[in-house]
Amino acid sequence: MDVKKEKELRDAEAMEQKNILITSVDKFLNWGRVHSFWPVSFGLACCAIEMASTGDPRYDISRFGYEYFQASPRNADLMIVAGTLTRKMAPIARRIYDQMAEPKWVIAMGNCACAGGPFADSYAVVPGADSIVPVDVYVPGCPPRPESLLFGMLQLKQKVQNPAKARLIKHGK
Ligand code: SF4
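Here, residues in each chain are numbered from 1, in the same order as that chain's written sequence. Given that the model is predicted, a residue must reach a pLDDT of at least 70 before its local features are reported, and side-chain atom pairs must reach 80 or more before they are shown or counted; all residues, however, enter totals for whole chains, interfaces and linings. Excluded from the side-chain calculation are hydrogens and water; included are all heavy atoms of the structure.

J.: How do you make sense of the packing of aromatic side chains when you look at a structure like this?
T.: Here the aromatic set is Phe, Tyr and Trp, taking the six-membered ring for Trp, and pairing holds for ring centres within 6.5 Å; pairs whose planes are under 30 degrees apart are stacked, those over 60 apart are edge-to-face, and all others are tilted. Considering all chains together, one arrives at 5 aromatic pairs under this definition. When the ring of Phe 37 is compared with that of Trp 105, the centres are 5.4 Å apart and the planes differ by 70°; the resulting orientation is edge-to-face. Here Trp 105 lies in strand β2 (residues 105-109) and Phe 37 lies in the loop between α2 (25-34) and α3 (46-54), a separation of 68 residues in the sequence. For the pair Phe 37 and Trp 105, a shared accessibility class is recorded, and that class is buried. Connected via pairs of aromatic rings, a cluster forms that spans Phe 37, Phe 64, Tyr 66 and Trp 105. The ring of Tyr 97 carries the charged tip of Lys 104 above its face, separated from the ring centre by 4.3 Å. Each helix is a run of H or I in the DSSP string that is no shorter than four residues. Each strand is a run of E no shorter than two, and both are numbered from the N terminus. The rule is simple: take the accessible area with a 1.4 Å probe, protein chains only, and divide by the maximum for that residue type; under 20% is buried, over 50% is exposed, in between is partly exposed. Distance and angle both matter: a charge sits over a ring if NZ of Lys or CZ of Arg is within 6 Å of the ring centre and within 35 degrees of the ring normal.

Structure (structure tokens):
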């Protein structure tokens, strides 16, 4: 290890012992965000039942601080597109997304929201929520179990906490 790096580590250790923590404002805000996603109450089809189950005591979503499903998109920062997104529903989904506060994220839950699912060829179904809203995490399954949604939320946590790393993964590095 080079001398400069070793000195930096020693300084950090000494500050930790004095309970002094140095970080950037962005890191601090992201740390808060990843421990308190507020999903908007928004379900479309069968997958929404699994999403609702995620909030029951068996899965204990409040371990992660994600239990506040908001009735108003203005108080929410996470949209979980849970179910079949029909063309009729698409403009409403987009309006709800537009009304959400920034920064905001989207999870596509289930094969229907990821890519149209069993209705991919239907004239009435949008073949993937990402043609309506920007999706951050895809949770496949028909339907995915609550554990899968929790895993997806934890993946989103990683993404928000390490934006630079997520960008690298996206570009295949
Ligand atoms: S992915 Fe399967 S369970 Fe989910 S909405 Fe589509 S058909 Fe229903």
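J.: Please explain unusual backbone geometry as it appears in this structure.
T.: The bulk of non-glycine residues show a negative phi, and the bulk of peptide bonds are trans. Looking along the chain, the bond that leaves Glu 102 and enters Pro 103 is cis, with omega of -10°. Along the chain, Pro 103 turns up in the loop between α4 (90-99) and β2. Omega for the bond connecting Cys 142 with Pro 143 falls within 30 degrees of zero, at -10°, which places this linkage in the cis form. Turning to its location among the elements, Pro 143 is positioned in the loop between β3 (137-139) and α6 (146-161).

J.: Can you walk me through the nonpolar core in this structure?
T.: One broad rule of soluble globular proteins: the nonpolar side chains tend to lie buried together. Of all hydrophobic cores here, the largest spans 21 residues; its most connected members are Phe 37, Leu 78, Ile 80, Ile 107, Met 153 and Leu 156. Mapped by element, the contributors of at least two residues to this core are α3, β1 (78-82), β2, β3 and α6. Residues are treated as being in contact if the distance between any of their heavy atoms lies within 4.5 Å. If near-sequence neighbours (up to four positions away) are discounted, Phe 37 is found in contact with Gly 65, Tyr 66, Asp 77, Leu 78, Trp 105, Met 153, Leu 156, Lys 157 and Val 160. Grouped together as the second largest cluster of nonpolar side chains are 19 residues, Val 40, Phe 42, Val 81 and Ala 113 included. Take the buried Ala, Val, Leu, Ile, Met, Phe, Trp, Tyr and Cys residues and link them wherever side-chain atoms come within 4.5 Å; each set so joined is a nonpolar core.

J.: Where do I start with the site of the ligand in this structure?
T.: Put simply, a residue is near a molecule or strand once any heavy atom of it comes within 4 Å of that molecule or strand. Around the ligand, a shell composed of Ala 45, Cys 46, Cys 47, Gly 83, Thr 84, Asn 111, Cys 112, Pro 118, Gly 141, Cys 142 and Pro 143 is seen. At the level of secondary structure, the elements contributing two or more residues to the shell around the ligand comprise α3 and α5 (111-115).

J.: Is there a simple way to explain the pattern of salt bridges in this structure?
T.: Pairs can form between side chains of opposite charge once their charged atoms are near each other. The working definition used for a salt bridge is a side-chain nitrogen of Lys or Arg within 4 Å of a carboxyl oxygen of Asp or Glu. Counted by the stated rule, this structure contains 3 salt bridges. The partner of Arg 94 in a salt bridge is Asp 98, with the nearest N and O atoms 3.0 Å apart. Note that Arg 94 and Asp 98 are positioned in helix α4 at a spacing of 4 residues, about one turn of the helix. Classification of Arg 94 by relative accessible area gives partly exposed; the value is 32%.

J.: What am I meant to see in a nonpolar patch on the surface here?
T.: Side chains of Val 25, Phe 28, Leu 29 and Trp 31 sit close together on the surface and give an oily, nonpolar patch of about 440 Å² of accessible area. Position of Phe 28 relative to the elements: it lies in helix α2. Like charges within 9 Å and nonpolar side chains (Val, Leu, Ile, Met, Phe, Trp, Tyr) within 5 Å are joined into patches, using only residues over 30% in relative accessible area that form no salt bridge. Accessible surface area values rest on a Shrake-Rupley calculation with a 1.4 Å probe, where residue burial reflects the displayed protein chains alone.

J.: Please clarify how the sheet that holds β2 should be interpreted in this entry.
T.: Strand pairing in a sheet is mediated by backbone hydrogen bonds. Such pairs are either parallel or antiparallel. The pairing criterion is simple: DSSP has to find at least two bridges between the two strands. With respect to topology, 3 strands assemble into an open sheet ordered β1-β2-β3, the strand pairing being parallel. Looking at the sheet topology across the chains shown, the edges are occupied by β1 and β3. In this sheet, neighbouring strand axes are inclined to one another by 20° on average, regardless of whether the strands run parallel or antiparallel. In terms of strand pairing, β2 meets β3 through 3 bridges, oriented parallel. Bridged to Ala 108 within β3 is Tyr 138. Interaxial angles span 0 to 180 degrees and are taken between N-to-C directions of axes, which are lines fitted to C-alpha atoms, for helices over the stretch in contact.

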